[in-house]
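# Observations on the model geometry
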Amino acid sequence: MLNEVRMNVLSRVFVCGQGQGDACDDRVVESPDPLFRRRLLLESLTMLAADAQSQVAWLAKYDVVTDEFALDFDHAFRMAETLVEEGQLGRGVLPDLQEIDAALGEMSGAENAGRWTRDALSVDEGWIQARRLARRVLVGELGEWQQLLPEISVIR
């Protein structure tokens, strides 16, 4: 439950940090529209698709931990099928999204703590696979995978 709360806060901060004032309204976060949910998914994929050096720099800039990438993806991934049904996401990307979810899931657990370090982002096969798949989804949805990493405000 705590991770889910942190996830909702981080997702909200992604959007609020980009100047999307209506997205900062609690009512919108509790019942977001399809474009908002699509944006959350694409932002989470942007973070996963970024090269390891950029990911590490972003984590350091905002003083957040590596698992925020997976938490944000998990939150957005739960909405993927609905986004497809609403016509906001192509059905063809679902298998890649499911693979990303599986790759991140295989990395969970205390026995895999070393896979969640900043150093692991550049060498761990799970992160490499997630990065490759996230790039493929972004290319399918946006035409290219390289997107600006979101600017956020972290509230502590």
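Everything numeric here is computed off the predicted structure, so don't read it as measured data.

## As for the packing of helix α3 (residues 34–49) against helix α9 (residues 125–142)
Interaxial distance between α3 and α9 falls to 8 Å at its minimum, and their mutual angle equals 135°. Judged by the inter-axis angle, α3 sits oblique to α9. For the pair α3 and α9, the sense of crossing is left-handed. Here R38, L42, L45, T46, L48 and A49 of α3 lie close against α9, whose contacting residues are W127, R131, A134, R135, V137, L138, E141 and L142. Among the residues forming the contact of α3 with α9, the class breakdown is nine nonpolar, one polar and four charged.

## A few points about the packing of α3 against helix α5 (residues 67–77)
Look at α3 against α5: their axes get within 9 Å of each other, and the N-to-C directions meet at 150°. The pairing of α3 with α5 is recorded here as roughly antiparallel in orientation. As α3 packs across α5, the resulting crossing turns out to be left-handed. Judged by residue contacts, L40, L41, S44, L45, M47 and L48 of α3 engage F69, D72, F73, H75, A76 and F77 from α5. Split by residue class, the contact of α3 with α5 holds nine nonpolar, two polar and one charged.

## Thoughts on the environment of T82
For T82, the location among the structural elements is in helix α6 (residues 80–85). With relative accessibility at 34%, the residue T82 sits in the partly exposed group. With 48 residues separating them along the chain, T82 and P34 place their C-alpha atoms 8.6 Å apart.

## Points about α9
Between the first and last C-alpha of α9 there are 25 Å, a value that for 18 residues agrees with the 26 Å anticipated at 1.5 Å per step. Contact partners of the buried residues in α9: α3, α4 (52–62), α5, α7 (94–106) and α8 (120–123). With a side-chain oxygen positioned 2.8 Å from the backbone nitrogen of G126, the residue opening α9 is D124. Among the residues trailing α9, G143 stands out with phi positive, at a value near 90°.

## Here we look at the confidence of the model for the protein
Residues at a pLDDT of 70 or more form 80% of the protein, whose mean pLDDT is 84. Below pLDDT 50 for its whole length, residues 1–29 participates in 50 contacts with residues either more than four positions away or in separate chains.

## Describing α3
For α3, which comprises 16 residues, the first-to-last C-alpha distance of 22 Å matches the rise-based estimate of 22 Å (1.5 Å per residue) to within 8%. For α3, the tally of buried residues reaches 13 of 16 residues, placing the bulk of the element in the interior. Two to three positions downstream of the cap, the backbone nitrogen of L35 sits 3.2 Å from a side-chain oxygen, assigning the N-cap of α3 to D33.

## Details of the environment of R156
Mapped onto the elements of the fold, R156 is located in the segment after α9. Under the relative-accessibility criterion, R156 is labelled exposed at 68%. Setting aside anything within four residues of it in sequence, one finds R156 in contact with Y62, D63 and V64. Here the side chain of R156 touches Y62 through a polar contact of 2.9 Å, landing on its backbone oxygen.

## Comments concerning the packing of aromatic side chains
Across all of its chains, the model carries five aromatic pairs by this definition. The interplanar angle of 35° and the centroid separation of 5.9 Å between the aromatic rings of W58 and F69 together place this pair among those described as tilted. Taken together, the positions of W58 in helix α4 and F69 in helix α5 put the pair 11 residues apart, joining distant regions of the chain. Among the residues examined, F69 registers a relative accessible area of 2% and is labelled buried. Taking 6.4 Å as the distance between ring centres and 80° as the angle between the ring planes, the aromatic pair formed by F69 and W127 counts as edge-to-face. With F69 in helix α5 and W127 in helix α9, the pair connects residues that are 58 residues apart, well separated along the chain. Classification of W127 as buried rests on a relative accessible area of 1%. An aromatic cluster is defined as three or more aromatic residues linked by ring pairs; in this entry it consists of W58, Y62, F69, W116 and W127. Geometry around W145 places R135 over its ring, the cationic atom sitting 3.7 Å from the centre.

Calculation criteria
- Residues numbered from 1 in each chain as written.
- Predicted model: local features only at pLDDT ≥ 70, side-chain atom pairs only at ≥ 80, totals over all residues.
- Heavy atoms only, no water.
- Axes fitted to C-alpha atoms, helices over the stretch in contact; angles between N-to-C directions.
- Helix = DSSP H or I, 4+ residues; strand = E, 2+ residues; numbered from the N terminus.
- Parallel < 35°, antiparallel > 145°, perpendicular 65-115°, else oblique.
- Left-handed = near helix turned anticlockwise from the far one by under 90°.
- Contact = heavy atoms within 4.5 Å.
- Nonpolar A, V, L, I, M, F, W, Y, C, P; charged D, E, K, R; others polar.
- Buried < 20%, exposed > 50% of the residue type's maximum accessible area, 1.4 Å probe, protein only.
- Expected span 1.5 Å × (residues − 1).
- Polar contact = N/O pair within 3.5 Å; in protein donor to acceptor, adjacent residues only side chain to side chain.
- pLDDT = per-residue confidence, 0-100.
- Phe/Tyr/Trp six-rings, centres within 6.5 Å; stacked < 30°, edge-to-face > 60°.
- Lys NZ or Arg CZ within 6 Å of the ring centre and 35° of its normal.

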